[in-house]
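Now for the letters of each chain:
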Amino acid sequence: MGEGEIAVSGDTEVPEPSDASVREIDLVRVRYIDAEGAEHLVRLEEAADVRFEDGRMVRAIPSHRDQGHMPGQYWVAKWGDFAEYESVLESKWLMLLDFDPRVSAFVTQPLEFDAIDARGAWRHTPDVFARRRDGSVLLLDVKNPELRDDPKVLLQEERTRRVCERLGWEYAMVSEPSGQLWVNVDLLSSARRPLHLGADLVPRLLELAREPVEIGELMRFMEFPDLARGVLYHLMWHQRIVTDLDRPLRDTTLVKTAAEVGHDG
(Lines give C-alpha, C1' and ligand atoms only; values in the text may rest on other atoms or scores of the structure.)
Protein backbone atom coordinates (compact mmCIF):
# COMPACT_ATOMS: atom_id res chain seq x y z
CA MET A 1 0.00 0.00 0.00
CA GLY A 2 1.41 3.39 -1.02
CA GLU A 3 1.76 6.57 1.01
CA GLY A 4 -1.62 7.72 2.25
CA GLU A 5 -3.60 4.89 0.66
CA ILE A 6 -6.37 3.64 2.91
CA ALA A 7 -7.23 0.00 3.46
CA VAL A 8 -10.97 -0.50 3.78
CA SER A 9 -11.14 -3.69 5.81
CA GLY A 10 -11.60 -1.96 9.18
CA ASP A 11 -11.30 -4.32 12.14
CA THR A 12 -13.62 -7.03 10.89
CA GLU A 13 -13.28 -9.99 8.58
CA VAL A 14 -15.49 -9.99 5.50
CA PRO A 15 -17.43 -13.27 5.18
CA GLU A 16 -17.40 -15.13 1.92
CA PRO A 17 -20.67 -14.89 -0.02
CA SER A 18 -22.93 -17.92 0.33
CA ASP A 19 -24.60 -18.94 -2.91
CA ALA A 20 -27.09 -20.95 -0.88
CA SER A 21 -28.36 -17.91 1.06
CA VAL A 22 -28.74 -15.46 -1.83
CA ARG A 23 -29.28 -16.83 -5.32
CA GLU A 24 -28.81 -15.04 -8.59
CA ILE A 25 -30.50 -11.66 -8.47
CA ASP A 26 -33.55 -11.45 -10.71
CA LEU A 27 -34.00 -7.69 -10.87
CA VAL A 28 -32.08 -4.67 -9.59
CA ARG A 29 -32.93 -1.06 -10.23
CA VAL A 30 -31.02 1.96 -8.94
CA ARG A 31 -32.60 5.18 -7.75
CA TYR A 32 -30.55 8.36 -7.58
CA ILE A 33 -30.95 12.15 -7.67
CA ASP A 34 -28.82 14.14 -10.09
CA ALA A 35 -27.11 17.49 -9.47
CA GLU A 36 -30.21 19.38 -10.64
CA GLY A 37 -32.46 17.59 -8.17
CA ALA A 38 -34.17 15.31 -10.69
CA GLU A 39 -34.88 11.76 -9.53
CA HIS A 40 -33.98 8.80 -11.75
CA LEU A 41 -34.72 5.08 -11.60
CA VAL A 42 -32.51 3.04 -13.94
CA ARG A 43 -31.67 -0.57 -14.65
CA LEU A 44 -28.54 -1.86 -12.93
CA GLU A 45 -26.65 -2.04 -16.22
CA GLU A 46 -27.24 1.68 -16.80
CA ALA A 47 -26.01 2.60 -13.33
CA ALA A 48 -22.41 1.69 -14.16
CA ASP A 49 -22.04 4.88 -16.22
CA VAL A 50 -23.72 7.28 -13.76
CA ARG A 51 -21.50 9.83 -11.99
CA PHE A 52 -23.13 9.44 -8.59
CA GLU A 53 -20.46 11.65 -7.04
CA ASP A 54 -22.01 14.63 -8.85
CA GLY A 55 -25.51 13.96 -7.54
CA ARG A 56 -27.44 14.63 -4.36
CA MET A 57 -28.21 12.38 -1.41
CA VAL A 58 -31.20 10.08 -2.01
CA ARG A 59 -32.33 10.24 1.61
CA ALA A 60 -32.10 12.89 4.30
CA ILE A 61 -30.07 11.91 7.33
CA PRO A 62 -32.41 11.90 10.33
CA SER A 63 -31.59 14.12 13.28
CA HIS A 64 -33.76 14.04 16.39
CA ARG A 65 -33.54 13.94 20.13
CA ASP A 66 -32.40 10.72 21.83
CA GLN A 67 -31.32 9.01 18.61
CA GLY A 68 -28.55 6.46 18.98
CA HIS A 69 -25.98 8.16 16.77
CA MET A 70 -24.65 11.66 16.13
CA PRO A 71 -25.03 13.08 12.58
CA GLY A 72 -23.05 16.07 11.42
CA GLN A 73 -20.96 17.57 8.63
CA TYR A 74 -17.35 16.82 7.72
CA TRP A 75 -15.30 19.54 5.98
CA VAL A 76 -13.65 17.92 2.96
CA ALA A 77 -10.16 19.22 2.20
CA LYS A 78 -10.22 17.79 -1.34
CA TRP A 79 -12.77 20.33 -2.55
CA GLY A 80 -13.36 22.69 0.36
CA ASP A 81 -16.99 21.94 1.20
CA PHE A 82 -19.04 19.89 3.64
CA ALA A 83 -20.26 16.30 3.38
CA GLU A 84 -23.02 15.07 5.67
CA TYR A 85 -22.52 11.98 7.78
CA GLU A 86 -24.91 9.88 9.85
CA SER A 87 -22.61 8.94 12.73
CA VAL A 88 -19.22 9.72 14.21
CA LEU A 89 -18.05 6.33 12.94
CA GLU A 90 -19.05 7.31 9.40
CA SER A 91 -17.20 10.63 9.74
CA LYS A 92 -13.99 8.72 10.42
CA TRP A 93 -14.27 6.93 7.09
CA LEU A 94 -14.99 10.20 5.30
CA MET A 95 -11.74 11.52 6.77
CA LEU A 96 -9.84 8.46 5.53
CA LEU A 97 -11.29 8.89 2.04
CA ASP A 98 -10.43 12.59 2.13
CA PHE A 99 -6.83 11.70 2.92
CA ASP A 100 -6.53 8.86 0.39
CA PRO A 101 -4.71 10.22 -2.72
CA ARG A 102 -6.42 7.67 -4.95
CA VAL A 103 -9.88 9.09 -4.18
CA SER A 104 -11.04 12.09 -6.23
CA ALA A 105 -14.60 12.46 -4.94
CA PHE A 106 -17.15 10.89 -2.63
CA VAL A 107 -20.77 11.39 -1.58
CA THR A 108 -22.88 10.01 1.26
CA GLN A 109 -26.30 8.36 0.83
CA PRO A 110 -25.59 8.29 -2.93
CA LEU A 111 -28.14 5.85 -4.34
CA GLU A 112 -30.73 3.24 -3.46
CA PHE A 113 -30.83 -0.34 -4.70
CA ASP A 114 -34.39 -1.55 -5.31
CA ALA A 115 -34.19 -5.29 -5.96
CA ILE A 116 -35.84 -8.70 -5.93
CA ASP A 117 -34.05 -11.99 -5.33
CA ALA A 118 -34.97 -15.49 -4.19
CA ARG A 119 -35.67 -14.21 -0.68
CA GLY A 120 -37.98 -11.46 -1.82
CA ALA A 121 -37.92 -7.71 -2.40
CA TRP A 122 -35.30 -5.57 -0.70
CA ARG A 123 -34.03 -2.01 -0.69
CA HIS A 124 -30.76 -0.58 0.53
CA THR A 125 -29.04 2.81 0.54
CA PRO A 126 -25.26 2.38 0.95
CA ASP A 127 -23.45 4.92 3.13
CA VAL A 128 -20.70 6.22 0.84
CA PHE A 129 -19.88 6.19 -2.88
CA ALA A 130 -16.25 7.02 -3.68
CA ARG A 131 -14.74 7.61 -7.12
CA ARG A 132 -11.04 6.94 -7.53
CA ARG A 133 -8.80 8.92 -9.85
CA ASP A 134 -8.50 5.93 -12.18
CA GLY A 135 -12.30 5.88 -12.58
CA SER A 136 -12.92 2.85 -10.36
CA VAL A 137 -15.55 2.85 -7.61
CA LEU A 138 -15.52 1.99 -3.93
CA LEU A 139 -18.90 1.58 -2.21
CA LEU A 140 -18.91 1.55 1.60
CA ASP A 141 -21.36 0.58 4.29
CA VAL A 142 -20.31 1.73 7.75
CA LYS A 143 -21.70 -0.49 10.48
CA ASN A 144 -21.56 -0.43 14.26
CA PRO A 145 -19.29 -3.36 15.25
CA GLU A 146 -21.94 -4.54 17.74
CA LEU A 147 -24.29 -5.18 14.80
CA ARG A 148 -21.70 -6.75 12.53
CA ASP A 149 -22.82 -10.35 13.11
CA ASP A 150 -26.54 -9.68 12.95
CA PRO A 151 -28.08 -12.02 10.32
CA LYS A 152 -29.95 -9.13 8.69
CA VAL A 153 -26.72 -7.15 8.39
CA LEU A 154 -24.88 -10.11 6.91
CA LEU A 155 -27.65 -10.64 4.36
CA GLN A 156 -27.58 -6.97 3.42
CA GLU A 157 -23.81 -7.16 3.00
CA GLU A 158 -24.04 -10.23 0.80
CA ARG A 159 -26.76 -8.78 -1.40
CA THR A 160 -24.91 -5.49 -1.85
CA ARG A 161 -21.63 -7.23 -2.64
CA ARG A 162 -23.26 -9.33 -5.35
CA VAL A 163 -24.78 -6.23 -6.95
CA CYS A 164 -21.42 -4.45 -6.85
CA GLU A 165 -19.74 -7.44 -8.49
CA ARG A 166 -22.16 -7.07 -11.41
CA LEU A 167 -21.28 -3.38 -11.67
CA GLY A 168 -17.53 -3.96 -11.40
CA TRP A 169 -17.37 -1.95 -8.17
CA GLU A 170 -15.36 -2.68 -5.06
CA TYR A 171 -17.53 -3.04 -1.95
CA ALA A 172 -16.73 -3.19 1.74
CA MET A 173 -18.68 -3.16 4.96
CA VAL A 174 -16.45 -1.50 7.54
CA SER A 175 -16.55 -0.82 11.26
CA GLU A 176 -14.13 1.01 13.53
CA PRO A 177 -10.89 1.96 11.72
CA SER A 178 -7.96 0.22 13.29
CA GLY A 179 -4.22 0.57 13.37
CA GLN A 180 -1.61 3.28 13.62
CA LEU A 181 -2.55 4.74 10.23
CA TRP A 182 -5.90 5.93 11.59
CA VAL A 183 -4.26 7.53 14.65
CA ASN A 184 -1.86 9.45 12.42
CA VAL A 185 -4.48 10.54 9.89
CA ASP A 186 -6.67 11.79 12.74
CA LEU A 187 -3.74 13.85 14.04
CA LEU A 188 -2.85 15.31 10.64
CA SER A 189 -6.51 16.14 9.91
CA SER A 190 -6.33 19.02 12.39
CA ALA A 191 -4.08 20.82 9.85
CA ARG A 192 -5.99 19.98 6.66
CA ARG A 193 -7.57 23.41 6.11
CA PRO A 194 -5.90 26.08 3.93
CA LEU A 195 -2.88 27.78 5.48
CA HIS A 196 -2.89 31.40 6.50
CA LEU A 197 -0.55 31.94 9.45
CA GLY A 198 2.71 30.16 8.66
CA ALA A 199 2.25 29.89 4.90
CA ASP A 200 5.62 31.58 4.42
CA LEU A 201 7.29 28.57 6.09
CA VAL A 202 6.22 26.14 3.36
CA PRO A 203 9.16 26.67 0.93
CA ARG A 204 11.72 26.34 3.75
CA LEU A 205 10.19 23.15 5.14
CA LEU A 206 10.02 21.59 1.68
CA GLU A 207 13.65 22.50 1.04
CA LEU A 208 14.92 21.21 4.41
CA ALA A 209 13.10 17.90 3.91
CA ARG A 210 14.48 17.21 0.43
CA GLU A 211 16.55 14.51 2.12
CA PRO A 212 15.07 12.39 4.96
CA VAL A 213 15.19 14.29 8.24
CA GLU A 214 13.78 13.69 11.72
CA ILE A 215 10.80 15.84 12.69
CA GLY A 216 12.60 17.05 15.82
CA GLU A 217 15.67 18.06 13.83
CA LEU A 218 13.47 19.86 11.30
CA MET A 219 11.82 21.86 14.08
CA ARG A 220 15.22 22.98 15.41
CA PHE A 221 15.72 24.92 12.18
CA MET A 222 12.49 26.86 12.82
CA GLU A 223 12.28 30.15 14.73
CA PHE A 224 8.76 29.29 15.91
CA PRO A 225 8.70 25.47 16.19
CA ASP A 226 5.09 25.19 17.42
CA LEU A 227 3.84 27.10 14.39
CA ALA A 228 6.19 25.19 12.10
CA ARG A 229 4.89 21.85 13.38
CA GLY A 230 1.36 22.80 12.37
CA VAL A 231 2.59 23.77 8.90
CA LEU A 232 4.50 20.48 8.68
CA TYR A 233 1.33 18.52 9.55
CA HIS A 234 -0.54 20.49 6.87
CA LEU A 235 2.08 19.48 4.30
CA MET A 236 1.89 15.88 5.50
CA TRP A 237 -1.92 15.83 5.22
CA HIS A 238 -1.63 17.04 1.63
CA GLN A 239 1.25 14.56 1.18
CA ARG A 240 3.76 17.11 0.01
CA ILE A 241 5.93 15.76 2.83
CA VAL A 242 5.60 12.03 3.47
CA THR A 243 6.57 9.38 5.98
CA ASP A 244 5.62 5.85 7.02
CA LEU A 245 2.19 6.42 8.55
CA ASP A 246 1.95 2.86 9.81
CA ARG A 247 4.36 3.88 12.58
CA PRO A 248 3.82 6.38 15.43
CA LEU A 249 4.65 10.02 14.65
CA ARG A 250 7.43 11.13 16.99
CA ASP A 251 10.25 13.67 16.89
CA THR A 252 12.50 10.81 15.72
CA THR A 253 10.22 10.07 12.74
CA LEU A 254 11.92 10.54 9.38
CA VAL A 255 10.03 12.70 6.86
CA LYS A 256 10.87 13.61 3.29
CA THR A 257 9.53 15.98 0.63
CA ALA A 258 7.47 14.09 -1.95
CA ALA A 259 8.02 14.34 -5.68
CA GLU A 260 5.58 17.13 -6.59
CA VAL A 261 3.29 16.47 -9.53
CA GLY A 262 0.59 18.92 -8.47
CA HIS A 263 -0.90 19.32 -5.03
CA ASP A 264 -3.84 20.63 -3.01
CA GLY A 265 -3.77 23.15 -0.19
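Reference entry: report on the structure contained in this document.

Conventions used here
Residues numbered from 1 in each chain as written. Predicted model: local features only at pLDDT ≥ 70, side-chain atom pairs only at ≥ 80, totals over all residues. Heavy atoms only, no water. Helix = DSSP H or I, 4+ residues; strand = E, 2+ residues; numbered from the N terminus. Expected span 1.5 Å × (residues − 1). Buried < 20%, exposed > 50% of the residue type's maximum accessible area, 1.4 Å probe, protein only. Arc of directions from axis to C-beta. Contact = heavy atoms within 4.5 Å. Pairing = 2+ DSSP bridges. Axes fitted to C-alpha atoms, helices over the stretch in contact; angles between N-to-C directions. Core = buried A, V, L, I, M, F, W, Y, C linked by side-chain atoms within 4.5 Å. Parallel < 35°, antiparallel > 145°, perpendicular 65-115°, else oblique. Left-handed = near helix turned anticlockwise from the far one by under 90°. Nonpolar A, V, L, I, M, F, W, Y, C, P; charged D, E, K, R; others polar.

**A closer look at helix 2 (residues 88-99)**
Here's step 1: Relative to the 16 Å expected for twelve residues at 1.5 Å per residue, helix 2 spans 17 Å between its end C-alpha atoms, a close match to the ideal helical length.
Here's step 2: When helix 2 is considered as a whole, its buried residues turn out to be Leu89, Glu90, Ser91, Lys92, Trp93, Leu94, Met95, Leu96, Leu97, Asp98 and Phe99.

**Some thoughts on helix 4 (residues 180-189)**
Because the α-helix completes a turn every 3.6 residues, residues three or four places apart line up on one side.
Here's step 1: Turning to helix 4, its buried residues number three or more, namely Leu181, Trp182, Asn184, Val185, Leu188 and Ser189. Projected down its long axis, helix 4 shows its buried positions confined to an angular sector of 165 degrees, all on one face.
Here's step 2: Close packing links the buried residues of helix 4 with helix 2 and helix 7 (225-237).

**Considering the sheet that holds strand 2 (residues 39-43)**
Here's step 1: Spatially, the four strands line up as an open sheet ordered 2-1-6-7, and their pairing is antiparallel. Because the sheet does not close on itself, it has two edges, and the strands there are strand 2 and strand 7 (120-124). Direction aside, the axes of adjacent strands within the sheet are offset by 15 degrees on average.
Here's step 2: Pairing geometry for strand 6 (residues 112-117) and strand 7, over five bridges, is antiparallel. Bridged to Phe113 within strand 7 is His124.
Here's step 3: Its contacts with the sheet place helix 3 (residues 151-167) against strand 1 (27-33), strand 6 and strand 7, and it is angled at close to 80 degrees to strand 7.

**Points about the environment of Val107**
Here's step 1: Along the polypeptide, Val107 turns up in strand 5 (residues 103-108).
Here's step 2: In this structure Val107 touches Phe52, Glu53, Gly55, Asp127, Val128 and Phe129, once residues within four positions along its chain are discounted.

**So, the nonpolar core**
Here's step 1: Phe106, Leu205 and Ile241 are the most contacted members of the largest nonpolar core, which totals 48 residues.
Here's step 2: In this view, Leu205 contacts Leu218, Met219, Met222, Ala228, Val231, Leu232, Leu235, Ile241 and Thr257; residues no more than four positions away in its chain are not counted.
Here's step 3: Among the nonpolar cores identified, the runner-up in size contains 25 residues, and Leu44, Phe113, Val153 and Trp169 belong to it.

**Section: the packing of helix 4 against helix 7**
Here's step 1: At a closest axis distance of 8 Å, the pairing of helix 4 and helix 7 adopts a crossing angle of 120 degrees. Our classification of the angle between helix 4 and helix 7 gives oblique. The handedness of the crossing between helix 4 and helix 7 is left-handed. Note on element contacts: helix 7 touches helix 4 through Tyr233, Met236 and Trp237, opposite Val185, Leu187, Leu188 and Ser189.
Here's step 2: Partitioning the contact of helix 4 with helix 7 into residue classes produces six nonpolar, one polar and no charged.

In short, geometric facts, not functional conclusions.
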